[in-house]
Amino acid sequence: MGFVIGLLNFVGFIFYIVAAIAAFGVLIGFMSNDSKDGAGIKGGLIAAVAGVVFGSGGYFIRDYADSLKRSKNFTESFTNGDKEKVKWRFGGLSEEDKNEYIGEIFDKFYGHDFNGEYEFLSDYGDEYIAFVQDVKDQFSNKMELMYNEAERINTKESWLSFSGKVAGKFFLTYANDNLKEREFAKWGNDEDAWQRVLVMDSLAMSHEYLSRFPHGIYECDARKIILDHSYADYSHNKPPFKITKNYCGTTTISVRSSAYADLNVHYTGTFATGEFKVPGYGYNSVTVPNGYYRIHVSSRQTRARGETTLETLDGGVKNFDYHIVSDVGRRH
């Protein structure tokens, strides 16, 4: 297989060279003295057609070689039992190959019980494949049986046991509509909703609580849970410091351009994502819920690379002054 892939890449490279020569021939044909009587133009057109044919052929040959290489790497990882590489390389397969291998992946690396399906959906749940949908249906049915048992016992311990097996994110994603309706029927008021947050899964359900009770009496508690998890998720570069109070406050991001360049400001963080523009020698601002945010500033008027900064926003005003005039952006 390796020899075939190498040969295809070589042939594709030769096709590219021929296409480049043909492109040069187009220029020669249209610029030659023969162009006055049509001979040069005819030659240029022939060269143009040859360039398109060989250029397209080279692209498809090398693309096919690349698909063979991705398939080869995947099958090697699968044969060696390297689960992580199989998961990583699965995304590079064609849709046809994905459909062919997904069942074999499930049988080799995952069990047919609830825990196996849970782990499988964690890795492949975003794939739109009929086999994956079947696993989702099986998982949903088993989850409903477990929910029914927790509801039958109906103690704090039974619900904590259920949420220990089914994360709130999984419940919201894979529970059928009837089961979710039964759950949220228990969220009749602010107090009842918060008690469900505490026993079902505090992180995912805190997001759900804020969507249903944006200014509820437990807003700050919900935001604290989310912020604590959000900070812990930064495995390498963490924001400057952790938020320990004012969980439900807001911060104003204020950006000034101290040069002629208009600025594009994009921010994404714990509770908000958006963008705004700052005119040259001007300023603009936006107010966001407190949290951890990546702020990227760039300008289309210059060749500047722009700048990204990771910030803890815990109240008040966060001022940025940018002086972008050439290839490098500087923040003061």
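Everything here concerns the structure above.
This write-up is about the structure you can find in this document.

1. Comments concerning the overall build of the protein chain
Counting its secondary structure elements, the protein chain contains 12 helices and 7 strands. By residue count, 40% of the 332 residues in the protein chain fall in the buried class. Carbon and sulfur atoms make up 55% of the accessible area of the protein chain, which totals about 18,600 Å².

2. Describing the packing of aromatic side chains
The tally for this structure, following the rule as stated, stands at 32 aromatic pairs. Arranged with centres 4.1 Å apart and planes meeting at 10°, the rings of Y118 and F170 form a pair that is stacked. Taken as a pair, Y118 in helix α5 (residues 114-124) and F170 in helix α8 (residues 168-174) lie far apart in primary sequence, 52 residues in all. Assessed through its relative accessible area of 10%, F170 is described here as buried. Clustering of aromatic rings is evident, with ring pairs tying together F74, F78, F90, Y101, F106, F109, Y110, F120, Y124 and F131. The ring of F271 carries the charged tip of R223 above its face, separated from the ring centre by 4.5 Å.

3. Description of the sheet that holds strand β7 (residues 316-322)
Pairing is mixed across the open sheet formed by 3 strands, whose spatial order is β4-β1-β7. Every interior strand has two partners, whereas the edge strands, β4 (283-289) and β7, have only one. The average undirected angle you get between the axes of adjacent strands in this sheet is 20°.

4. Quick notes on the environment of K108
Topologically, K108 is positioned in helix α4 (residues 95-109). In contact with K108, not counting residues within four places along its chain, are F78, T79 and G81. A distance of 2.4 Å separates a polar atom in the side chain of K108 from the backbone oxygen of F78.

5. Digging into the packing of helix α11 (residues 202-212) against helix α12 (residues 219-233)
Closest axis-to-axis distance for the α11/α12 pair is 9 Å, and the angle between their directions is 135°. Between α11 and α12, the crossing angle belongs to the class labelled oblique. You can see that α11 and α12 cross each other, and the crossing is left-handed. Contacts between α11 and α12 involve S202, L203, S206, H207, Y209 and L210 from the former and E219, A222, R223, I225, I226 and H229 from the latter.

Rules of the game
- Residues numbered from 1 in each chain as written.
- Predicted model: local features only at pLDDT ≥ 70, side-chain atom pairs only at ≥ 80, totals over all residues.
- Heavy atoms only, no water.
- Helix = DSSP H or I, 4+ residues; strand = E, 2+ residues; numbered from the N terminus.
- Buried < 20%, exposed > 50% of the residue type's maximum accessible area, 1.4 Å probe, protein only.
- Areas by Shrake-Rupley, 256 points an atom, 1.4 Å probe, with all protein chains shown as cover.
- Phe/Tyr/Trp six-rings, centres within 6.5 Å; stacked < 30°, edge-to-face > 60°.
- Lys NZ or Arg CZ within 6 Å of the ring centre and 35° of its normal.
- Pairing = 2+ DSSP bridges.
- Axes fitted to C-alpha atoms, helices over the stretch in contact; angles between N-to-C directions.
- Contact = heavy atoms within 4.5 Å.
- Polar contact = N/O pair within 3.5 Å; in protein donor to acceptor, adjacent residues only side chain to side chain.
- Parallel < 35°, antiparallel > 145°, perpendicular 65-115°, else oblique.
- Left-handed = near helix turned anticlockwise from the far one by under 90°.

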